[in-house]
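Residue-level listing of the chains:
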Amino acid sequence: MNFDRLKEKLEILADAAKYDVSCSSSGSTRKNKKGALGDSSASGICHTYTEDGRCVSLLKILLTNHCIYDCAYCVSRSSNDIKRAAFTVEEVVDLTINFYRRNYIEGLFLSSGIFKNADTTMERLVRIAKKLRLEENFNGYIHLKSIPGASDDLMQEAALYADRLSVNIEIPTESGLKLLAPEKNRKDMISPMRYIQKGIVQYQDEKKILKKVPKFAPAGQSTQMIVGATNENDLQIIKVADHFYKNFNLKRVYYSGYVPVLEDQRLPSLTTEVPMLRENRLYQSDWLMRFYGFKAEEILDPNVPFLDLEVDPKLSWALRNLHQFPINLQTAEYQLILRIPGIGVKTAQKIVSARRFQILTMDHLKKLGAAVNRAKYFIDFNAGNAYLKYLTDKNFRKLLIGGSSSKFHNQFSQQLSLF
Amino acid sequence: MTTLLYDGSFDGLFTAVFEVFEYRYKDVEIASRERFHQENIFAVIHEVITQPDKSERVLNKLEQNIGKEGVNKLLKVFLSEDPDLENLILSAVKQSVKHPEKNILENFADSDVLKISKICKSVDRERHRMTAFVRFEKMQDGVFFSKIDPDFNVLPLIRKHFYNRYQDQKWMIYDLRRNYGLLYDLATCDFFYPDEKIDINNYQQKFHDEEKSYQVLWQRYFTKTNIVERKNMKLHIQHVPKRYWKYLTEKW
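Caption draft 1: View of the nonpolar core. Residues A:Ile61, A:Phe99 and B:Trp171 are the most contacted members of the largest nonpolar core, which totals 113 residues. Discounting chain neighbours no more than four positions away, the residues touching A:Phe99 are A:Leu10, A:Leu59, A:Tyr104, A:Ile105, B:Tyr214, B:Leu217, B:Trp218 and B:Tyr221. Listed in part, the 73 residues of the second largest apolar core include A:Ile169, A:Val253, A:Leu360 and B:Phe108.

Rendered as structure tokens:
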């Protein structure tokens, strides 16, 4: 193997793949067969983190950055004058196996530019997954990108060898997509996604009857949207995410704050800041939908279709719904306790568990890990709570913000990292 | 005050716990012989001789009351090497014996239980980090070797993870601080205790021919997958604390 050439390819094709947000290696259990390599567990492992703080759990590369398309937001667009490269099937397999053996990664995330057409590209991706599974006996995690427009047969095969499949819908609105990627259409993206979704449902039905059914995309599907490249609002984004969660049973929707890398009249200028705080708020909303039982329409007010940058979406909801508070810690249902600002899933579980033993006080709450600076205003203890008088205060919002939001501003300000 | 001295082993500790009940000691503490420094000159010393059947009886009882998971939590407290570990475990056993019908480890309003829960969280975090941050280096003899230096004694907690994962390669994980390790030789996966500390000076000379190449590939990958425009070192260090850096190939 020509090491120097391989190194160069890896540099080009890792660099080109890095804007894809997903790096999750969770949601699939693939037990090691005796004497083979690899074992995937449901929770996934981040093996390291880049200097921008993102998790590295998979070898995330493009098979090639040659591309027939010319999407404005993409570094690999055909009109962009950059170095091009392509891995061979053997090279990807070798890198994956050798990185995995050294415990650098949980597996492979393979995406690709489109060379020639959708099926040629998809076929190559599938061949790599197949070789890893059948020839190398590899039981680690494999995430393949579904190439928009790929045929059902290839999707079927992909789902047999990969753990997760994903189609990037790229731009949240169809009009935005038309503007920035005129050669692509939503229909081509949706159709492989729909095929896999049906397959997963069918697989789950068969599994109820038959013991031995071949795995079919066991970690499900995900997608990602670029945020801030076009002028959609947060309400539109959350609605799109909700639509995919509900109608496609997606495991994850990722949000990727647009990093200006290309000069184009249709795009924000190169000096625009990456909308990190907005991205963070979108993920918080996403969590509220997936783990806290919030509905999409509760998170944002149609009159104010952007997420509040000053306070997190749960606190923002609470401020708009003060009539729902205070919530009694001793008697309220778990689902309601989850709605108290400053109380997360783990803390809510501990509360429900601990209150069977004794009456809880503010002091307990602090020790159980709640963010008491926020939570204290929203809770009724059986013994009463002096902070409740602020709930009806006109300046309540100000009072709260004063105590809690500065952390985010420092952490996500671009200004700091520029110098 | 009675002080029970035990040999520092898990079985020894639970033998001591058994004897607290056996001799009906009221005002009592348990300490490992190695770490014990007598401060209370009025303390009566009771030497515990490790008896597996006694510790087993306590553990069986515990399993009935707080389940396998509960016993596992107490094992984590033991592996935490916390200076107060013996008395926390004793407190948990006492409470469990008093309220056998309840899982007392769920009573987070009790300060000892809360402390146990916090220790478990720390040990779990370290355990998880070791599944993530172990970096194997392939040696000339084909063994994939890794050195670690965890804050808590988590090697027993990660054995199964690595055993399940790497069945077709020989590997070894060596705890530098505690001078013992895990060895898998394609057949069995067991702990080993070298008489002397393994000499890791110049061990790079014993690397397999291709080792350096893959390390460079990984380092280049790590650099290239970073998005410079989003640099956030505070977050980076929070996820990858500096004390691990010297063992991470990508932080060369």
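Caption draft 2: Structural view of a negative patch on the surface. A cluster of acidic residues, B:Asp7, B:Asp11, B:Asp53 and B:Glu56, forms a negative patch at the surface. With respect to the secondary-structure elements, B:Asp53 resides in helix H2 (residues 52-79).

Caption draft 3: Up close: the side chain of A:Lys314. All names here are of chain A. Topologically, Lys314 is positioned in helix H10 (residues 313-320). We note that Lys314 is buried and unpaired, the nearest opposite charge coming from Asp312 at a distance of 7.0 Å. A distance of 2.6 Å separates a polar side-chain atom of Lys314 from the backbone oxygen of Ile343. What Lys314 contacts, discounting residues up to four positions off in sequence, is Leu288, Tyr292, Phe294, Leu338, Arg339, Ile340, Pro341 and Ile343.

Caption draft 4: Spatial organisation of helix H1 (residues 10-22) of chain B. Residues and elements named next belong to chain B. Taking 1.5 Å per residue, 13 residues should reach 18 Å; H1 reaches 18 Å between its end C-alpha atoms and fits that length. For H1, the elements touching its buried residues are strand E1 (2-6), strand E2 (28-32), strand E3 (44-47), H2 and helix H3 (85-98). Phi turns positive, to about 50°, at Arg24, one or two residues after H1.

Caption draft 5: Spotlight on the side chain of B:Thr3. Residues and elements named next belong to chain B. Turning to its location among the elements, Thr3 is positioned in strand E1. According to the relative accessible area criterion, Thr3 is buried, its value standing at 0%. A polar side-chain atom of Thr3 sits 3.0 Å from a polar atom in the side chain of Glu29.

Caption draft 6: Structural context of the pattern of salt bridges. Residue and element names in this part refer to chain A. The final tally for this structure, using the stated rule, is 47 salt bridges over all chains. Residue Arg290 is joined to Asp286 by a salt bridge in which the shortest nitrogen-to-oxygen separation is 2.9 Å. Here the residue Arg290 and the residue Asp286 both occupy positions in helix H8 (residues 276-291), the gap between them amounting to four residues, near one helical turn.

Caption draft 7: The arrangement of the environment of A:Lys295 in detail. Of note, A:Lys295 is situated in the loop between H8 and helix H9 (296-299). Note: C-alpha distance between A:Lys295 and A:Ala36 (259 residues apart in sequence) is 44 Å.

Caption draft 8: Geometry of the interface of chain A and chain B. Between chain A and chain B, the contact holds 62 residues from the first and 54 residues from the second. Where chain A abuts chain B, roughly 5500 Å² becomes buried across the two surfaces, and 55% of that area is made up of carbon and sulfur atoms. Looking at the side of chain A facing chain B, the largest losses of area belong to A:Glu51, A:Arg102 and A:Tyr104, adding up to 14% of the total buried there. Taken together, chain A and chain B are joined by seven salt bridges. Between A:Arg102 and B:Glu211 there is a salt bridge whose closest N-O contact spans 2.8 Å. On the surface where chain A and chain B come into contact, there are 33 residue pairs in polar contact (both at pLDDT 80 or more). Those elements that place two or more of their residues in the side of chain A that touches chain B are helix H1 (3-15), strand E1 (48-49), strand E3 (58-62), helix H2 (89-101), H8, helix H12 (345-354), helix H13 (362-367) and helix H17 (414-418) of chain A. Tallying contributions element by element places H1(A) first for the side of chain A that touches chain B, with seven residues. Per-class residue counts for the side of chain A that touches chain B are 26 nonpolar, 17 polar and 19 charged.

Caption draft 9: The sheet that holds strand E5 (residues 141-145) of chain A, seen in detail. Residues and elements named next belong to chain A. Pairing within the open sheet is parallel, and its six strands lie in the order E3-E4-E5-E6-E7-E8. In this open sheet, the two strands that pair with only one neighbour each are E3 and strand E8 (252-257). Geometrically, the sheet is characterised by an average inter-axis angle of 20° between neighbouring strands, direction not taken into account. The pairing of E3 with strand E4 (residues 107-111) spans five bridges and is parallel. The residue bridging Ile61 from the neighbouring strand is Leu110, located in E4. Sheet contacts for H2: E3 and E4; angle to E4, the most-contacted strand, approximately 150°. Its contacts with the sheet place H8 against strand E7 (221-227) and E8, and it is angled at close to 170° to E8.

Caption draft 10: Main features of a positive patch on the surface. Where like charges cluster on the molecular surface, the positive patch consists of A:Lys346, B:Lys118, B:Lys121 and B:Arg125. The element contributing the most residues to the positive patch is helix H4 (residues 111-133) of chain B, with three residues. Within the secondary structure, B:Lys118 sits in helix H4. Take B:Lys118: its relative accessible area is 47%, and that puts it in the partly exposed class.

Caption draft 11: Layout of the sheet that holds E2(B). Residues and elements named next belong to chain B. Pairing is parallel in the open sheet, where three strands are placed in the order E2-E1-E3. The open sheet has two free edges, formed respectively by E2 and E3, since each of these has just one partner strand. Taken pair by pair, the neighbouring strands of this sheet meet at an average axis angle of 25°, ignoring direction. Summarising the sheet, E1 and E2 pair through five bridges and their orientation is parallel. Of the residues in E2, the one forming a bridge with Thr3 is Glu29.

Caption draft 12: The packing of aromatic side chains, seen in detail. In this structure the tally under the stated criterion is 33 aromatic pairs over all chains. Centre to centre, the rings of A:Phe99 and B:Trp218 are 5.4 Å apart; their planes meet at 80°, and the pair counts as edge-to-face. With one member in each of two chains, A:Phe99 in helix H2 and B:Trp218 in helix H6 (residues 211-224) form a pair that bridges those chains. Residue A:Phe99 is classed as buried on the basis of its relative accessible area, which comes to 0%. The exposure class assigned to B:Trp218 is buried, which follows from its relative accessible area of 0%. Ring centres 6.3 Å apart and planes at 15° place the aromatic pair B:Tyr174 and B:Phe192 in the stacked group. Of this pair, B:Tyr174 sits in strand E6 (residues 171-175) while B:Phe192 sits in strand E8 (residues 189-192), and the two are 18 residues apart along the sequence. Put simply, the rings of A:Tyr100, A:Phe138, B:Phe136, B:Phe162, B:Tyr163, B:Tyr166, B:Trp171 and B:Tyr184 pair up and form one aromatic cluster. The positively charged end of A:Lys350 is found above the aromatic ring belonging to B:Phe108, 5.6 Å away from the centroid.

What counts and what doesn't
Residues numbered from 1 in each chain as written. Chains lettered and ligands numbered in written order. Predicted model: local features only at pLDDT ≥ 70, side-chain atom pairs only at ≥ 80, totals over all residues. Heavy atoms only, no water. Core = buried A, V, L, I, M, F, W, Y, C linked by side-chain atoms within 4.5 Å. Buried < 20%, exposed > 50% of the residue type's maximum accessible area, 1.4 Å probe, protein only. Contact = heavy atoms within 4.5 Å. Patch = residues over 30% accessible without salt bridge, like charges linked within 9 Å, V, L, I, M, F, W, Y side chains within 5 Å. Areas by Shrake-Rupley, 256 points an atom, 1.4 Å probe, with all protein chains shown as cover. Salt bridge = Lys/Arg side-chain N within 4 Å of Asp/Glu carboxyl O. Lys, Arg positive; Asp, Glu negative; His and termini not counted. Charge placed at Lys NZ, Arg CZ, Asp CG, Glu CD. Helix = DSSP H or I, 4+ residues; strand = E, 2+ residues; numbered from the N terminus. Polar contact = N/O pair within 3.5 Å; in protein donor to acceptor, adjacent residues only side chain to side chain. Expected span 1.5 Å × (residues − 1). Buried area = accessible area lost by both parts, 1.4 Å probe. Nonpolar A, V, L, I, M, F, W, Y, C, P; charged D, E, K, R; others polar. Pairing = 2+ DSSP bridges. Axes fitted to C-alpha atoms, helices over the stretch in contact; angles between N-to-C directions. Phe/Tyr/Trp six-rings, centres within 6.5 Å; stacked < 30°, edge-to-face > 60°. Lys NZ or Arg CZ within 6 Å of the ring centre and 35° of its normal.

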